[in-house]
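So the chains spell out like this:
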Amino acid sequence: MARRLRASALLVYTILVFVFLFAPIALVVLFSFNKTASLTFPFHGFSLRWYRAVLESPSYRDAIFASLRVAVISVVVVVVVGTAAGIGVTRYAFRGSRIVRVFLFFPAALPGLFVGIALLSFFVQTQVSLSLWTVTAGHLIYVLPYFFLVVTSRLQRFDYMLEEAARDLGAGPWATFRRVTLPLIAPSLIAGALVVFSLSWDEVFITFFTIGAQNTLPLVIYSTVKQSVDPSVNAISTLLLAGSLVFVFSVRRLAADLQQ
Amino acid sequence: MTTTAAATGRLQPFNVGVARRRRIAIALLVGPALLVVGGALVVPAANLLVQSFIESSGYGQVTYHFTFSNYTDVLQDPTYRRIAWHSFGLGALAALICVVAGYPAAYFITFRLRRARNIALFLVVVSLFTSYLVRLYAWYTILGTQGIINTGLVRLGVVEHPLLFLIFSRTAVVIAFVNVFLPYSILMLTSSMQNIRADLLENARDLGAGPVRTFSRVVLPLSMTGAIGAFAYTFILTSGDYITPSLLGGTSSTSLASIVSDEFLALGNRPSGAAISFVMLTIFFAVYLGLTRLERWKGI
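Just so we're clear, the structure is a prediction, and the values are computed from it rather than from any experiment.

The helix and strand tally for chain B stands at 13 helices and two strands. A globule of 300 residues ought to have a C-alpha radius of gyration of about 19 Å, yet chain B, at 27 Å, is considerably larger. Along the three orthogonal principal directions, the C-alpha set of chain B runs to about 105 × 70 × 35 Å. With 300 residues in all, chain B has 40% of them scored as buried. Within chain B, contacts between residues separated by at least 24 positions form 73% of all contacts whose residues are at least 6 apart in sequence.

Put into C-alpha cells, the structure is as follows:
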C-alpha cells in the first residue's frame, strides 16, 4: 500500500517536472497565434497576424536570413573539417592522436563567455570588423566538438578493412571514400549536421560578443525584449524554436551511435 | 645475412614512401580541424592572456608594459568580490536545486519506467535542445506585471496590484536557470543510475532497508558521479551566464559576466576584462577539479 502510494507520488512528481519544463514554451507558441496583443488568458482566438508582422518587418526577416546563413556555413565547414579529423584519428593510430582528440573536444568545456571575450578582444586588436563572419568563427569553435564526438563514435565502429578491400580491388583513395566509407557513415554525418544546425541556430553567448551590425535571430529577440514587450516576439520565438528542434530528426541515429 | 641486407635494402625505400604518405594523409585529414581550433580559439585565448598582463591607457588603448596590477586590482576590489560571491551564490543555488529536483524524476525514469523510458528520455533531450532564449522569454512573459501569474492573482483577488518582485529579481533568475538546466541534471543522473542493477535495490529491501535507507545507502552513493557532474556543469554555466540576469534579474543582480562584458564594451578596458575572465576561468576549473577529487576521495 505504502509502496504503491510512493510509486504514484513519484509519477505525479515526474509529470509535474515535465509540465514545468514544457509549459512555458507551450504558452509562447500558443500566444503567438493570439488574436490580440494580450500575453495572458483569456485567449482571444487564433490569428496569424503576428507571423505576418514578423515577415513584414525587415529587421526580423534579415535576422532569419542571417541566422540561416551562419548556421549553414557552420554546418558545411564543420562537416568537412570534422569528418576528415574523425577519419584521421580513427584510421591511423598515430603518435599524438589522443592529444588531437582531447584538443578537439576541449572547447566544449569552456564557458561561452570566455570564448566570446577572447574572440572579441582578438578581433578588435587585429581590426577585423565584426560581421556575420566573426559570428561564424565563434560558432565553428562551439559546434566542432559536438560534431567531432558524433563522428568519432561512429567511426570507432567502422571497419577500415573495407577500405583496404576496395583499394586492393583497384579503387583510388577518393573513389574508396566516396563509394565505400561515405555511404556507410552518411547517416551519422547527417545526424551530426542537424545537431550542429540546431546549436548554431540557437547560440547567444558567443554571438553576443562577436556580432556586428546585423543581428541573428536570438539576438534580435534579446534586444527587442530588453526594450519593450512586443507580441510579435512570440511568433519569432516560435520560429526560433522550430529551427532549434531540427535536430529531433536525428535522435534515433545519435542514440545508436553514442551508445556504442 | 646478405639476403636480409638485400631484402631490407629493397624494402626500405618502399617503407619510407609508405610512412611519408601516411604522414601526409594524417596531416591533411587532421590539419584543418586543428587550424580551426588553433585560429579561432588558441590564438585569441593566448592573446587574451597577454592582454591581462599589460597596462590599460584610456578607452580601448593599451601600453605594452608588463604588470600584475590587473590581477591584484581585480582580486582586491570589494565591489568585484561582492558581485563574484553573488554570481557564484546564484549558480550554486541553481545547481543544488537542479540536482535535488532531478533525483526523484531520474529515479522514476530509471527504475519505474520500462517501455516509456525512452520516450521520457527523448522528451528530456527535446527540452534540453529547445531554444534557451525562447525559454527565458517565456519566463519573462509569465512572471511579468502583465503576465499570467500576476493577472491571475489580481483577477482571483489574492492581491490588489501585480507583484513586482516576481520579475527582475534573483527569484526569477533562479527559476529560469532551473528550467534551463534541470534536463541536464536528469540526463546525467539517469545515465549514472543506469549502472545500478535493479536486483541491488531488491536485495536492500529484502535485508530490511526502508525506502529512505535504500536510497541513501545504495542509490545515492552509486549515482554520485552523475550528481557531481550535474552540479559542476550547472554551477559553471549559470554563474558564468549574463543573458539570464540581464533579461530577468533587473538591477538587483549584476552578474560577474556582465562586469566582464562592461569592461570590454562600455569601459574599453581590455586588460582588466581579460584578467577577470582568467580569474573566473581558474575558479571554474578549481571547482570542477575540487568536486571530482572530492568524489574520488570519498572512495565512491
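Counting its secondary structure elements, chain A contains 12 helices and zero strands. Along the first, second and third principal axes, the C-alpha atoms of chain A reach 70 × 70 × 30 Å. For chain A, buried positions account for 44% of its 260 residues.

Residue and element names in this part refer to chain A. It is the contact of helix α8 (residues 173–202) with helix α11 (residues 232–244), at a shortest axis distance of 8 Å, that shows an interaxial angle of 150°. When the axis of α8 is compared with that of α11, the two are roughly antiparallel. Contacts from Ser 198, Trp 201 and Asp 202 in α8 reach Leu 240, Gly 243 and Ser 244 in α11. Broken down by class, the residue content of the contact of α8 with α11 amounts to two nonpolar, three polar and one charged.

Turning to the environment of Ala166(A), a few remarks are in order. Residue and element names in this part refer to chain A. With respect to the helices and strands, Ala 166 occurs in helix α7 (residues 161–168). In this structure Ala 166 comes out as partly exposed when scored by C-beta crowding, with 18 C-beta atoms within 10 Å. Ignoring anything within four residues of it in the chain, the contact list for Ala 166 reads Ala 171, Thr 176, Arg 179 and Val 180.

We now examine the interface of chain B and chain A. Between chain B and chain A, the contact holds 64 residues from the first and 63 residues from the second. Of all the elements, helix α1 (residues 2–51) of chain B adds the most residues to the side of chain B that touches chain A, at 17 residues. Taken together, the residues of the side of chain B that touches chain A break down into 47 nonpolar, 13 polar and four charged.

All names here are of chain A. Of note in this structure, Gln 127 is not a glycine but carries a positive phi near 55°. Relative to the elements of secondary structure, Gln 127 occurs in the loop between α5 (112–125) and α6 (132–155). Owing to 6 C-beta atoms within 10 Å, Gln 127 belongs among the exposed residues under this scheme.

The subject of this paragraph is the nonpolar core. Leu144(A), Leu136(B), Trp139(B), Ala172(B) and Leu248(B) are the most contacted members of the largest nonpolar core, which has 149 residues in total. If we skip the residues at most four places from it in the chain, Trp139(B) touches Pro24(A), Ala172(B), Ile175(B), Ala176(B), Asn179(B) and Leu248(B).

For the rest of this paragraph, the subject is the packing of helix α1 (residues 2–31) of chain A against helix α5 (residues 132–143) of chain B. Direction vectors running N to C along α1(A) and α5(B) enclose 80°, while the axes themselves pass 9 Å from each other. Relative to α5(B), α1(A) is oriented roughly perpendicular. Mapping the contact onto sequence places Pro24(A), Ile25(A), Leu27(A) and Val28(A) in α1(A) and Val134(B), Arg135(B), Tyr137(B), Ala138(B), Trp139(B) and Ile142(B) in α5(B).

The end-to-end C-alpha distance of α8(A) is 37 Å, clearly below the 44 Å that 30 residues give at a rise of 1.5 Å each. At Leu182(A), α8(A) shows its strongest bend, of approximately 55°, with the proline Pro183(A) following within four residues.

Moving on to the confidence of the model for chain B. Residues and elements named next belong to chain B. Taken as a whole, chain B shows an average pLDDT of 83; of its residues, 93% reach a score of 70 or greater. Low pLDDT, under 50, characterises residues 1–11; the predicted model gives this stretch zero contacts beyond four residues in sequence or across chains. Under the prediction, the complex receives an ipTM of 0.86, its pTM being 0.86.

The residue Phe205(A) is located in helix α9 (residues 205–210) in this model. Accessibility expressed as a C-beta count within 10 Å gives 22 for Phe205(A), which makes it buried. If sequence neighbours within four positions are ignored, Phe205(A) has contacts with Gly112(A), Leu113(A), Gly116(A) and Ile243(B).

On to the environment of Ile64(A). All names here are of chain A. Along the chain, Ile 64 falls in helix α3 (residues 58–91). Looking at Ile 64, the number of C-beta atoms within 10 Å reads 18, which means it is partly exposed. Taking the C-alpha atoms as reference points, Ile 64 and Phe 20, 44 residues apart in sequence, are found 29 Å from one another. Ignoring sequence-local partners within four residues, the contact set of Ile 64 consists of Leu 217 and Leu 239.

Procedures and definitions
Residues numbered from 1 in each chain as written. Chains lettered and ligands numbered in written order. Predicted model: local features only at pLDDT ≥ 70, side-chain atom pairs only at ≥ 80, totals over all residues. Helix = DSSP H or I, 4+ residues; strand = E, 2+ residues; numbered from the N terminus. Rg over C-alpha atoms; globule rule 2.2 N^0.38 Å. Buried ≥ 20, exposed ≤ 12 C-beta atoms within 10 Å, placed from the backbone. Contact = placed C-beta atoms within 7 Å. Axes fitted to C-alpha atoms, helices over the stretch in contact; angles between N-to-C directions. Parallel < 35°, antiparallel > 145°, perpendicular 65-115°, else oblique. Nonpolar A, V, L, I, M, F, W, Y, C, P; charged D, E, K, R; others polar. Core = buried A, V, L, I, M, F, W, Y, C linked by C-beta atoms within 7 Å. Expected span 1.5 Å × (residues − 1). Bend = angle between axes of the 7 residues up to and from the residue. pLDDT = per-residue confidence, 0-100.

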